[in-house]
Amino acid sequence: MHLSLDRLANVTGFGMTAGADGYLYRPTQVEEFHQILALAQQTGRQISLRGSGRSYGDANIGSESILLDITRFNRILDFDPTTGLIYCEAGVTLEQLWRYTLESGFWPPVVSGTMFPTLGGALGMNLHGKNAFKAGPIGNHVTEIEVLFPNGNQETLTPEHPLFHQVISTAGLLGIILRVKLKMKRISSGDLRVLPISIPNWDGQFRVFEQEREQADYMVSWIDCFGRGKSAGRGLFHAGYYTVDPSPNPITLRPEHQDLPDTILTYFPKSIVWRFLKKLNNRPGMSFVNWAKYTSSRILGNGRPHPQSLVGFSFLLDYVPNWRLAYGSSGFIQYQTFVPAEHAPRVFARQLELQQAAKLESFLGVMKRHIPDNFLFSHAVDGYSLALDFKITERNKDAVWRLAHQMNELVLLAGGRFYLAKDSTLTPEHFAQSIGMDALETYAKLKTTLDPQAILTSDLAKRLHLDPRA
Amino acid sequence: MPTKVIGQKAIIVGASSGIGAELARQIAEGGGLVATVARRTDRLQPLADKYPERVFPFTHDVTNYAEAPEVFQKCTDALGGLDFIIYCSGVMPEVGPHEYNTEKDLAMVDVNISGAIAWLNAAATRMESTGHGSIIGIGSVAGDRGRCAQPVYNSSKAFLHTYLEALRNRLVKKGVKVVTIKPGPTESEMTQGMKGTMPVNDAAAKIINLKDRTGEHYLKLTHRIAFFIIKRIPSPIFRKLKI
């Protein structure tokens, strides 16, 4: 039996460096998920789960597999405006969540830098946000998930159930999350108080994170990866603090107040901004942009708190539509590593030196603080993460991969971790070493019982030997 | 040695002999993945044994065209994708100067035309959806004119040229490349005893180099020039010539 060829579609990871052709299905009903599982069994074909396709690398694609796209399975089933408990299908996005709940005074407890991920994808990767140092990953705020396992069982898991912490974080390789109950965060204002602080070097970065850790609700720092010598690690730190709006029906909670503007500098339509960024998207151009951003950070607003909407602060990546196209047709990779606090200053400084030595500085560096969690494939440690963007071209590809492997070694020596949503460069050995043999053995056992025919896969699973068929 | 096939995924239909066999060998040797399709599996096996990780043989008779979509899918599954497909199957039985043998002619139509339609339609369906890949058909200089010696072989290749042109017009805007190759006589079982044939390894290397160049291509400059002229000779004159 063969699948109809007109189901075929080409999909890519968000960074557009990895692509795959597969047979696309977009179910809207639970019965269809069961039918697709049956179809996979009949045809001996594997299934790759895909939400909004926001994972940067190859986690959301699977060559020649059934691409099970959950984006149409996206109804909000129930919401209690007194407790903030929301019950929805896994294709619901973070954007749907905040638009639905904000006027009742609730905000998603954890959001990524973009509002487009689905809950299913967010839990597969167990994503984190700028509040990771207090709130941990999104899985910490889930009270219940309904999961369809490839062995045919459909189960409802609460955090007390041992499988709860294993299905969440394992990149959709153990079961298909169908529905989610999530505890939303109560807020009384749609604005944060945001404090920008210009930071001259690595020492300053680590100091400010520790200093603001108690009071701040969100912390993130941008790093200029072109800064070297005494200026290595320079950048711009932002802390966000929840504020209290005394009015009973605050205007800041309305979506109109939150919506990102369509223009830059009043007149300039944002939809074309990426075309201009593309011109600057090369080493001298980005060296200049980073320098200009850092220099202006020292003058404009440094140390002066200002109000900013939650959406404006949280979803920085959505500020320039289609920004990824600025990287050109061969795309880019994101590389994020998580290093225990005591080793982070040394490892990050060395990662930057390696980039500069290779003349492959990341065009964007972002630093965050994290706390550990007990999910099976947890990416977090008690320490810091540094996220880097590398433009990929035919010519530099091998060099970027070599650089990434060098940086991986540093992270592994320091007992650090990697994040599957952002990964493109890990080898099976690097992943095994970072996650530990215990976690891998647990995963292998669970895979055998929950997915005995190894139906759930992805190109990432094949690359990291998480798919027993590969 | 062609290096542009490293990591590429190819299907060669008609891979048991001639240009097809040589294409499969060069792709495998060049680091590509290749699904080899032919009626005579025993001829595919040696290459598969040599490169077990990169060569996937499939037994299939192209005249059994109802089976083509399924075998096509098995090929893409084994390869884990598809970058290009080359349809090489073709037969040219000897035909006497006064022979009009329908059975023989239709058997040729089955291989040269019907099999090509079945395979390349499958590839076109896939590539129109996925928006990438190359479809390559092996036509022939023989398809440029109707000549006394091979009425149906000539027309079968002319059919392929026109069919590929139409696919090209449909698919180019989707990002798919469609390439028509018009070799002259090439060393193969088909041309045993002919003089002036092109060595098969040269022909295959040229085809691999042309695989992403949408359009019609001759493999020799002399063919390009000669057939530019031959195609333009008016019919009343052409029928008096012995070419």
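Here the structure is a predicted model, which is why all the values come from computation and not from measurement.

## Things to note about the overall build of chain A
From N to C terminus, chain A includes 15 helices and 22 strands. In terms of its C-alpha atoms, chain A occupies a principal-axis envelope of roughly 65 × 55 × 45 Å. Taking all contacts inside chain A whose residues are at least 6 apart in sequence as the whole, residues at least 24 apart take part in 71%. Total accessible area on chain A is roughly 18700 Å²; 53% of this is exposed by carbon and sulfur atoms. The average position of the 47 basic charges and that of the 44 acidic charges among the side chains of chain A differ by 7 Å.

## Here's the deal with the sheet that holds strand 3 (residues 47-50) of chain A
Paired through backbone hydrogen bonds, the strands of a sheet run either parallel or antiparallel to each other. Residue and element names in this part refer to chain A. Taking strand neighbours across the sheet as the criterion, the five strands line up as 1-2-4-3-22 in an open arrangement whose pairing is mixed. Sheet topology places strand 1 (8-12) and strand 22 (456-457) at the edges, where each strand pairs with a single neighbour. The pairing of strand 3 with strand 22 spans two bridges and is parallel. What sits directly across from Ile47, in strand 22, is Leu456.

## Thoughts on the nonpolar core
Ranked by internal contacts, the top residues of the largest apolar core, which has 109 residues, are Trp107, Ile145, Trp202 and Phe348 of chain A. The biggest single contributor to this core is helix 12 (residues 397-413) of chain A, with seven residues. Sequence-distant contacts of Phe348 of chain A, defined by excluding residues within four places in its chain, comprise Trp202, Phe206, Thr337, Val339, Met367, Tyr384, Ser385 and Leu386 of chain A. With 56 residues, the next largest nonpolar core counts Val30 of chain A together with Val13, Val37 and Phe56 of chain B among its residues.

## With respect to helix 14 (residues 437-450) of chain A
Residues and elements named next belong to chain A. If you check helix 14, its first and last C-alpha atoms are 20 Å apart, about what 14 residues at 1.5 Å a residue would give, namely 20 Å. Taken together, the buried positions of helix 14 are occupied by Ala439, Leu440, Tyr443, Leu446, Lys447 and Leu450. One face of helix 14 carries all of its buried residues, which in axial projection span an arc of 125 degrees. Exposed residues lying more than 90 degrees from the buried face of helix 14 are Met437, Asp438, Lys445, Thr448 and Thr449. Of the surrounding secondary structure, the elements contacted by the buried residues of helix 14 are helix 5 (164-167), helix 13 (428-435) and strand 22.

## Some details on the environment of Ile176 of chain A
All names here are of chain A. Of note, Ile176 is situated in strand 10 (residues 176-183). In sequence terms Ile176 and Ala90 are 86 residues apart; their C-alpha atoms lie 9.1 Å from each other. Discounting residues that sit within four places of it in the chain, Ile176 has contacts with Phe33, Leu49, Leu68, Glu146, Val147, Leu148 and Leu456.

## Let's talk about the packing of helix 12 of chain A against helix 13 of chain A
Residue and element names in this part refer to chain A. Their axes nearest at 10 Å, the elements helix 12 and helix 13 cross at an angle of 20 degrees. Comparing the axis directions of helix 12 and helix 13 gives the class roughly parallel. By crossing handedness, the relation of helix 12 to helix 13 is classed as left-handed. Taking contact as the criterion, the partners of His405, Asn408, Glu409 and Leu412 in helix 12 are, on helix 13, His430, Gln433 and Ser434. Among the residues forming the contact of helix 12 with helix 13, the class breakdown is one nonpolar, five polar and one charged.

## Brief notes about the pattern of salt bridges
Residues and elements named next belong to chain B. By the definition in use, this model includes 28 salt bridges over all chains. One salt bridge connects Arg25 with Glu29, and the closest N-O pair in it is separated by 2.9 Å. Taken together, the positions of Arg25 and Glu29, both in helix 1 (residues 18-29) and four residues apart, correspond to about one turn of that helix. The class for Glu29 is partly exposed, based on a relative accessible area of 28%. Of the charged contacts in the structure, one is a salt bridge between Arg168 and Glu216, with a shortest N-O distance of 3.9 Å.

## Describing the pairing of strand 6 (residues 177-182) of chain B
Residue and element names in this part refer to chain B. Across the six residues that make up strand 6, a large majority, five, are buried. Looking at chain direction, strand 5 (residues 134-138) and strand 6 are connected through five bridges and run parallel. Note that in strand 6 the partner of Gly137 across the bridge is Thr180. Between strand 5 and its parallel partner strand 6, the chain crosses via helix 5 (residues 151-171), and the hand of that crossover is right-handed. Here strand 6 pairs with strand 7 (residues 215-218) via four bridges, running parallel. Opposite Val179, over in strand 7, you have Gly215 as the bridge partner.

## Some points on the pairing of strand 3 (residues 55-59) of chain B
In terms of strand pairing, strand 2 (residues 33-38) of chain B meets strand 3 of chain B through five bridges, oriented parallel. The residue of strand 3 of chain B that forms the bridge with Ala38 of chain B is Thr59 of chain B.

## A word on the interface of chain A and chain B
Where interface size is quoted, it is often the accessible area lost as the parts come together. The interface is formed by 13 residues belonging to chain A together with 14 residues belonging to chain B. Both sides together, the interface formed by chain A and chain B hides about 1100 Å², and carbon and sulfur atoms give 48% of it. Our count for the chain A to chain B interface comes out at three salt bridges. In this structure, Arg126 of chain B engages Asp21 of chain A in a salt bridge whose closest nitrogen and oxygen atoms are separated by 3.0 Å. Where chain A touches chain B, the interface holds eight residue pairs in polar contact (both at pLDDT 80 or more).

## Here we look at the environment of Thr83 of chain A
All names here are of chain A. Along the polypeptide, Thr83 turns up in the loop between strand 5 (76-80) and strand 6 (85-89). When the C-alpha positions of Thr83 and Arg186 are compared, they lie 8.5 Å apart, and in sequence the two are 103 residues distant. If we skip the residues at most four places from it in the chain, Thr83 touches Phe106 and Lys183. Within the local environment of Thr83, its side chain forms a polar contact with the backbone nitrogen of Leu85, the two atoms lying 3.2 Å apart.

## Quick word on a nonpolar patch on the surface
Residues Leu221, Ile225, Phe228 and Ile229 of chain B make up a contiguous nonpolar surface patch of roughly 420 Å² in combined accessible area. Among the secondary structure elements, Ile225 of chain B is positioned in helix 7 (residues 221-230).

## Quick notes on unusual backbone geometry
The bulk of non-glycine residues show a negative phi, and the bulk of peptide bonds are trans. Residues and elements named next belong to chain A. Even without being glycine, Ser169 reaches a positive phi, approximately 90 degrees. Note that Ser169 resides in the loop between helix 5 and strand 10. For Ser169, a relative accessible area of 3% puts it in the buried group.

## Some points on the confidence of the model for chain B
Per-residue confidence for chain B averages 94 on the pLDDT scale, and 99% of its residues sit at or above 70. Reported confidence for the predicted complex is 0.83 by ipTM and 0.91 by pTM.

## A short note on the side chain of Thr337 of chain A
All names here are of chain A. With respect to the helices, strands and loops of the structure, Thr337 is situated in strand 18 (residues 332-340). Within the structure, the side chain of Thr337 is placed 3.3 Å from the side chain of Gln351, a separation counted as a polar contact. In this structure, Thr337 is in contact with Phe348, Gln351, Tyr384, Ser385, Leu386, Val411, Arg417 and Phe418, ignoring residues within four places of it in sequence.

## Here's the deal with the sheet that holds strand 9 (residues 154-157) of chain A
Residue and element names in this part refer to chain A. The strand order across the open sheet built from five strands is 5-6-10-8-9, with neighbouring strands paired in antiparallel fashion. Every interior strand has two partners, whereas the edge strands, strand 5 and strand 9, have only one. For this sheet, the mean inter-axis angle between neighbouring strands, taken without regard to orientation, is 10 degrees. Its contacts with the sheet put helix 1 (residues 30-43) on strand 8 (142-148), strand 9 and strand 10, and the angle it makes with strand 10 is roughly 145 degrees.

Thresholds, definitions, all that
Residues numbered from 1 in each chain as written. Chains lettered and ligands numbered in written order. Predicted model: local features only at pLDDT ≥ 70, side-chain atom pairs only at ≥ 80, totals over all residues. Heavy atoms only, no water. Helix = DSSP H or I, 4+ residues; strand = E, 2+ residues; numbered from the N terminus. Contact = heavy atoms within 4.5 Å. Areas by Shrake-Rupley, 256 points an atom, 1.4 Å probe, with all protein chains shown as cover. Lys, Arg positive; Asp, Glu negative; His and termini not counted. Charge placed at Lys NZ, Arg CZ, Asp CG, Glu CD. Pairing = 2+ DSSP bridges. Core = buried A, V, L, I, M, F, W, Y, C linked by side-chain atoms within 4.5 Å. Buried < 20%, exposed > 50% of the residue type's maximum accessible area, 1.4 Å probe, protein only. Expected span 1.5 Å × (residues − 1). Arc of directions from axis to C-beta. Axes fitted to C-alpha atoms, helices over the stretch in contact; angles between N-to-C directions. Parallel < 35°, antiparallel > 145°, perpendicular 65-115°, else oblique. Left-handed = near helix turned anticlockwise from the far one by under 90°. Nonpolar A, V, L, I, M, F, W, Y, C, P; charged D, E, K, R; others polar. Salt bridge = Lys/Arg side-chain N within 4 Å of Asp/Glu carboxyl O. Right-handed = clockwise from strand over helix to strand, strands pointing away. Buried area = accessible area lost by both parts, 1.4 Å probe. Polar contact = N/O pair within 3.5 Å; in protein donor to acceptor, adjacent residues only side chain to side chain. Patch = residues over 30% accessible without salt bridge, like charges linked within 9 Å, V, L, I, M, F, W, Y side chains within 5 Å. pLDDT = per-residue confidence, 0-100.

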